[in-house]
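So you can see what is in the structure, the chains are spelled out below.
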Amino acid sequence: MQKSDYIISVKGVSKNFGSKVVLDDINLYVKKGEFVTILGPSGCGKTTLLRLIAGFQTPSEGTIEIAGEEVTQTPPHKRLVNTVFQKYALFPHLNVYNNIAFGLKLKKLAKELIEKKVTQALKMVGMTDYEDRDVDTLSGGQQQRVAIARAIVNEPEVLLLDEPLAALDLKMRKDMQMELKEMHKTLGISFVYVTHDQEEALTLSDTIVVMSEGRIQQIGTPIDIYNEPINSFVADFIGESNLLNGTMIQDKKVSFAGTAFDCVDKGFGENTPVDIVIRPEDIYIFEPSDAAMLTGTVTSSIFKGVHYEMMIETANGYEFMVQDYHTFPVDHQVGLLIKPFDIHVMKKERVCNTFDAKMIDSTHVEFLGTTFECNETPNIEAGAEVQVEVSFKHVILQDNEEEGALTGVVKFILYKGDHYHLTILTDWDEDIFVDTTDVWDDGDRIGITIDPGSIRVIP
Amino acid sequence: MMQKILSRGYLWLLLMLLYAPILIIIVFSFTEAKVLGNWTGFSTKLYTSLLSGGVKNSLVNAIGNTFLIAFIAASVSTLLGSIAAIGIFNLKIRTRNAINFVNNIPMLNPDIITGISLFLLFISLGISQGYVTVILAHITFCTPYVVLSVLPRLRQMNSNIYEAALDLGATPIQALYKVIFPEIKSGMLSGFILAFTLSIDDFAVTIFTIGNEGLETLSTFIYADARKGGLTPELRPLSAIIFIVVLILLLVINKRAQNAHKTKS
C-alpha cells in the first residue's frame, strides 16, 4: 500500500502527563474512507489519542500526519478534521441553525451557500425543520444529531467521534449506530471512533484498534479480533471467553484442563506454556457419551434470550462457560466437545515475574523498592546487579496491608478456569503478576509477601 | 395569636430601623428648609433646582466625575476580571485554590488600608494624583468582585465548547468572543453592575487617591460640604434619586438571577 493512501498517520507517538505515561509508542494508520474504532477500557488512553489527532493536545514524542501533511504542532482550527464530543458540546446561546452554520460562517461562505449546506446536513441526520429550535429544548439523541451535523457540514477529511453514543439509552444507541454506519457509507470519509463498548466496535468498524494501558494491543478487522485475539487481554475484553493455561505438546497438539486436544496451531515449539481461548458458543454440550472430550457437572444455567449460558465444572476442577440453544439442569452430568479450529492458542506474554534487583548480602536481595530475604547465593557479591524471577503462584497476597513486605492495588483480573491471574500495581509503580484461587476485586488494596525459597536469583 | 403579633412586630421594627434614615432623606427632600429636620411645607423646589442647575457648579462636576470614574473603572475591571476568571478556571486545582485565596484578600481588606497603601504606592512611584489614580484605585478594588461573579458561570459551562469552537475553525480569540463570552455574559454583567455601584459608593479609597488638584467625587464633595457647616439642601433630592436608581438596579439583578435559575431548572 502506498503511503499516500493513509489519511492519518500516527508515528511513534507518546504522551506523558507529568511522570505518568498515558500513551506509549503508538503507531496507527487510517486509510481514506475507513471506519476505525479505538476500543479499550476507561483510562487506557483512547480519548487522549483522539485529542492528539484533533489537536487539543500535542504529543510528548512522535509525529502525526493528516492528509500527507505533518500537523504534530498545528493548532486544531487549522486541521482537516472535525470532532463529535461525548457531551455534544453544542453552543447553548445559538439555535440549531447557527450551531451548524458556525464553522461555515467562520469560513466566510456566501449566505445562500451556508443555508443550502445546513439544510443538507440537517437532512442527513434526519433533523429537517429543526433549524429554529433552541438546542436546550432537544433530547439527548437530537442534540447528538445536531453535533454530528455541525461537524460533517464542514466536509472534513476525517470525522473524530469521542464516545458519541455513551450518554444515550440502549434503544437510541442501537438506532444511532445504524445511522452512523449509513452516514459513513454515504459520506465516504474516514471515521475514527472511540468507545469502550466492544459490541459497538464490532458492529460499526472496518478496523478495530484495541488499547490497554496506553499501548495498542491489537489492530485488525472485527472478525480477526474476535476469532484470533492476540493475547489474553484482548480475548477477555472482546466478547465472552474461556481463558486457560495450556501446554503446547507439539505442533497441532495442545493440553489444557488435564486433557490433550488436537488443534490447528503450530510453531510454538515443544512443551511450551501457552494461553488458550475458547469462545463459549464454540463448545458443544450433550449427554455424556464416548464422543465427550471432557465431562463435568452443570453448576448454573441462565436464560439469555437467544441462548442459555451454562457453567460446567469438570471433575478435575476446571470451569467452562458454554452457550447453547438447549439447556441442561443444574447438577446434571454433561459431555463437552471442542473442535480443533475452535481452540485458539496464544503465546504467553510472560511465564513468571522478572525484576531487576540488587544483592544486599548473600541472603538478601532488593527489588521493587523492598529488601527480600532469599536463599543463600554464595557466588554473588553484595551490591551486584542481578535479575530475580518469581513464579506467579508463589506471590502471597494479604488482606492486611501492614503484613506485606510491599503494598499495591489489584488492577486487572483474568479468570483462568481454575484460578485467577491478577495484575497488581505495586506502590513502587511496577506490575507484579499473581496466580491465586482467592477472590479479589478490582481496586482492592493488598499487602504482598514472597517466600524466600521461591525467589530465584540470576547473576 | 400573640406570638404572631410579636414576630410580625419585630420584623416591622427591624425594617423601620434599617430604612428610617433613607425614608427621612426622601421625606425631607420634598421641603425647602435649609436645615435638615425642619418641615416648611411640601415643595419640589429642591428637585427643580437640582435638575435645572440651580446648585453650585462643583456639585454637578462631582456627580459627573463620579459617574465617569465608575463607568471607566467598572468597564476596565469587567474586562480584566473576566479574562482573569477564565485563566483561573483553567489552572490546576491547587494553583486555582491559591489564586482564589489571593483574589479574596483585597475584598476582605479594610478600604482604609487599601486607600493608604495605594496612596503610598502612587507617591513612591511619583504618579501625580488625580483622575488617573482614582480610576486605577477603583479598578484595583473592583476587579476581584468581577472575578467572583464570573467564575460560577464558567463552572456551569460545558468544558468542551471552547474546544468545539476551535475544532470548527475558530482561532482562540474568535472562540473567546464567539463562544466563551456569550456563555459568561450574565456573570460579566452582574460583575459590571457590582463594580459600578462599589465605585460610586466609595469614599475611603477615593479620599486617599484623589489628590489636591480640586478633583471631587460625590462622596468627597459631601464630606467637604458637611465639614464646611451644613449640607447643601439639594443633596437630599440627589440622595433620594441615587437610592431609587440603586434600588432599580438591584431589582433588575435579582430578576435576572431568577430568570437564569428558571431556565436552568
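Residues numbered from 1 in each chain as written. Chains lettered and ligands numbered in written order. Predicted model: local features only at pLDDT ≥ 70, side-chain atom pairs only at ≥ 80, totals over all residues. Heavy atoms only, no water.

Undergrad: For this particular structure, what's the right way to read the overall build of chain A?
TA: Counting its regular elements, chain A contains 8 helices and 30 strands. The C-alpha extent of chain A, read off along each of the three principal axes, is 85 × 60 × 45 Å. As presented, chain A carries roughly 21500 Å² of accessible surface, and 48% of it is formed by carbon and sulfur atoms. Side chains of chain A carry 42 positive and 71 negative charges; the gap between the two charge centres is 11 Å. (Helix = DSSP H or I, 4+ residues; strand = E, 2+ residues; numbered from the N terminus. Areas by Shrake-Rupley, 256 points an atom, 1.4 Å probe, with all protein chains shown as cover. Lys, Arg positive; Asp, Glu negative; His and termini not counted. Charge placed at Lys NZ, Arg CZ, Asp CG, Glu CD.)

Undergrad: Is there a simple way to think about the overall build of chain B in this case?
TA: Broken down by element type, chain B carries 11 helices and 0 strands. Each helix (α) and strand (β) of chain B, taken in turn from the N terminus, gives the series α-α-α-α-α-α-α-α-α-α-α. Each principal axis of the C-alpha distribution contributes one length, and for chain B these read about 70 × 65 × 35 Å. Relative to its full complement of 265 residues, chain B shows a buried share of 37%. Sequence separation of at least 24 residues holds for 72% of the intrachain contacts in chain B that already meet a minimum separation of 6. Of the roughly 15400 Å² that chain B leaves accessible, carbon and sulfur atoms contribute 70%. Averaging the locations of the 19 positively and 11 negatively charged side chains of chain B gives two centres separated by 11 Å. (Buried < 20%, exposed > 50% of the residue type's maximum accessible area, 1.4 Å probe, protein only. Contact = heavy atoms within 4.5 Å.)

Undergrad: What am I meant to see in the sheet that holds strand E4 (residues 61-66) of chain A here?
TA: Strands pair in a sheet through their backbones, by hydrogen bonds, and they do so in one of two ways: parallel or antiparallel. Residues and elements named next belong to chain A. Pairing is antiparallel across the open sheet formed by 4 strands, whose spatial order is E2-E1-E4-E5. The open sheet has two edge strands with one neighbour each: strand E2 (20-31) and strand E5 (69-70). Sheet contacts for helix H1 (residues 46-54): strand E1 (6-17), E2 and E4; angle to E1, the most-contacted strand, approximately 120°. (Pairing = 2+ DSSP bridges. Axes fitted to C-alpha atoms, helices over the stretch in contact; angles between N-to-C directions.)

Undergrad: I tried to follow the packing of aromatic side chains on my own but got confused; where do I start?
TA: In this description, an aromatic ring pair is defined by two values, namely the gap between the centres and the angle between the planes. Counted according to the given criterion, the structure contains 21 aromatic pairs over all chains. Ring centres of Phe35 of chain A and Phe191 of chain A lie 5.3 Å apart, and the angle between their planes is 45°; on these two criteria the pair is classed as tilted. A residue pair is termed long-range when its members are at least 10 positions apart, and Phe35 of chain A in strand E3 (residues 35-39) and Phe191 of chain A in strand E8 (residues 190-195) qualify at 156 residues. Centroid distance Phe119 of chain B to Phe208 of chain B: 6.1 Å. Interplanar angle 55°. Geometry classified as tilted. With a gap of 89 residues between them, Phe119 of chain B in helix H5 (residues 111-125) and Phe208 of chain B in helix H9 (residues 204-209) connect regions that are remote in the sequence. Taken together, the ring pairs connect Phe67, Phe71, Phe192 and Phe196 of chain B into an aromatic cluster. When the ring centre of Phe91 of chain A is taken as reference, the NZ or CZ atom of Arg150 of chain A above it lies at 4.7 Å. (Phe/Tyr/Trp six-rings, centres within 6.5 Å; stacked < 30°, edge-to-face > 60°. Lys NZ or Arg CZ within 6 Å of the ring centre and 35° of its normal.)

Undergrad: Looking at this structure, I do not really get the environment of Tyr6 of chain A. What am I missing?
TA: With respect to the helices, strands and loops of the structure, Tyr6 of chain A is situated in strand E1. Put simply, Tyr6 of chain A and Asp431 of chain A are 425 residues apart on the chain and 36 Å apart in space, counted from C-alpha to C-alpha.

Undergrad: Mind showing me how you'd approach the domain arrangement of chain A here?
TA: Many analyses report the size of an interface as the accessible area lost when the parts associate. Residues and elements named next belong to chain A. You can read the domains of chain A as domain 1 (3-232), domain 2 (244-347) and domain 3 (353-458). Computed over C-alpha atoms, the centres of domain 1 and domain 2 are 40 Å apart. On the side of domain 2, 6 residues touch domain 1, which itself brings 8 residues to the contact. For domain 1, the biggest contributors to the area lost against domain 2 are Tyr226, Pro229 and Ser232; these three give 65% of the whole. Counting every contact that joins domain 1 to domain 2 gives 0 salt bridges. On inspection of domain 1 and its partner domain 2, the count reaches 3 residue pairs in polar contact (both at pLDDT 80 or more). (Domains from an automatic or database assignment. Buried area = accessible area lost by both parts, 1.4 Å probe. Salt bridge = Lys/Arg side-chain N within 4 Å of Asp/Glu carboxyl O. Polar contact = N/O pair within 3.5 Å; in protein donor to acceptor, adjacent residues only side chain to side chain.)

Undergrad: Before we go on, may I ask you to explain the packing of helix H4 (residues 93-108) of chain B against helix H6 (residues 131-156) of chain B in this structure?
TA: Helix packing geometry: the angle between the two helix axes and the distance between the axes. Residues and elements named next belong to chain B. Interhelical geometry of H4 versus H6 gives an angle of 130° and a closest axis separation of 9 Å. Considering the angle they form, H4 stands oblique to H6. Here the hand of the crossing between H4 and H6 comes out left-handed. Along the contact surface, H4 presents Asn100, Asn103, Asn104, Pro106 and Met107, while H6 presents Pro144, Tyr145, Val147, Leu148 and Leu151. For the contact of H4 with H6, the per-class residue count stands at 7 nonpolar, 3 polar and no charged. (Parallel < 35°, antiparallel > 145°, perpendicular 65-115°, else oblique. Left-handed = near helix turned anticlockwise from the far one by under 90°. Nonpolar A, V, L, I, M, F, W, Y, C, P; charged D, E, K, R; others polar.)

Undergrad: Any chance you could explain the nonpolar core here in plain terms?
TA: Soluble globular proteins tend to bury their nonpolar side chains together. If you look at the biggest cluster of nonpolar residues, it comprises 65 residues, and the most contacted ones within it are Ile8, Phe91 and Phe102 of chain A together with Leu154 of chain B. Looking at which element gives the most residues to this core, the answer is helix H8 (residues 172-201) of chain B, with 9 residues. Those residues within four positions of Leu154 of chain B in sequence are excluded, and the remaining contacts are Ala85, Ile86, Phe89, Ile180 and Ile184 of chain B. Ranked by size, the runner-up nonpolar core spans 35 residues in total, among them Tyr97, Val146, Met176 and Tyr193 of chain A. (Core = buried A, V, L, I, M, F, W, Y, C linked by side-chain atoms within 4.5 Å.)

Undergrad: Would you explain the layout of surface pockets in this entry?
TA: The gaps of empty space that remain are located by a probe, the size of a water molecule, rolled over the atoms. Residue and element names in this part refer to chain A. Here the largest pocket is characterised by a volume of approximately 1500 Å³. Taken together, 45 residues make up the lining of the largest pocket; nearest its centre are Ser212, Glu213, Lys411, Thr423 and Asp431. Sorting the residues of the lining of the largest pocket by element identifies E2, H1, strand E10 (215-220), helix H8 (232-237), strand E26 (406-415), strand E27 (420-426) and strand E28 (431-436) as the ones contributing at least two each. Grouping the amino acids of the lining of the largest pocket by side-chain chemistry returns 13 nonpolar, 15 polar and 17 charged. Taken together, domain 1 (3-232) and domain 3 (353-458) each give at least three residues to the lining of the largest pocket, which thus spans both. (1 Å grid on protein atoms, 1.4 Å probe; cavity = no way out; pocket = protein on both sides within 12 Å on 5 of 7 lines; lining within 4 Å. Points joined across faces, edges and corners; volume = space filled by probe spheres on them.)

Undergrad: I keep staring at helix H1 (residues 2-28) of chain B and nothing clicks. Help me out?
TA: Since one α-helical turn is 3.6 residues long, residues separated by three or four positions face the same way. The end-to-end C-alpha separation of H1 of chain B is 36 Å, in line with the 39 Å expected for 27 residues at 1.5 Å each. Of all the bends in H1 of chain B, the greatest, near 50°, is centred on Tyr19 of chain B, and the proline Pro21 of chain B appears no more than four residues after it. (Expected span 1.5 Å × (residues − 1). Bend = angle between axes of the 7 residues up to and from the residue.)

Undergrad: Explain empty space enclosed by the protein to me, please; I cannot follow it from the model alone.
TA: The final tally for this structure, using the stated rule, is 1 cavity of 30 Å³ or more. The volume enclosed by the largest cavity comes to roughly 40 Å³. In terms of residue class, the lining of the largest cavity is built from 3 nonpolar, 6 polar and 1 charged.

Undergrad: Could you clarify how one ought to interpret the sheet that holds strand E21 (residues 353-361) of chain A in this entry?
TA: All names here are of chain A. Read across the open sheet, the 5 strands follow the order E23-E22-E21-E24-E30; overall the sheet is antiparallel. Pairing within the sheet leaves two strands with one partner each, and these edge strands are strand E23 (370-373) and strand E30 (455-458). Here the strands of the sheet are splayed against their neighbours by 40° on average, with no regard to which way each runs. The sheet contact formed by E21 and strand E22 (residues 364-367) spans 3 bridges and is antiparallel. Across the sheet, the residue bridging to Lys358 is Glu366, located in E22.

Undergrad: Explanation requested: the interface of chain B and chain A in the structure shown.
TA: On the side of chain A, 20 residues touch chain B, which itself brings 18 residues to the contact. In total, about 1700 Å² of surface goes out of reach between chain B and chain A, with carbon and sulfur atoms giving 63% of it. The largest per-residue losses of area from chain B upon contact with chain A belong to Glu163, Asp167 and Leu168 of chain B, which jointly make up 39% of the total buried on that side. Summed over the shared surface of chain B and chain A, the number is 1 salt bridge. Here chain B is connected to chain A by 6 residue pairs in polar contact (both at pLDDT 80 or more). When contributions to the side of chain B that touches chain A are tallied by element, the ones reaching two or more residues are helix H7 (161-167) and H8 of chain B.

Undergrad: Help me understand a positive patch on the surface in this model?
TA: The grouping of Lys105, Lys108 and Lys111 of chain A together with Lys178 of chain B at the surface amounts to a positive patch. Summarising the element assignment, Lys105 of chain A is placed in helix H2 (residues 96-106). (Patch = residues over 30% accessible without salt bridge, like charges linked within 9 Å, V, L, I, M, F, W, Y side chains within 5 Å.)

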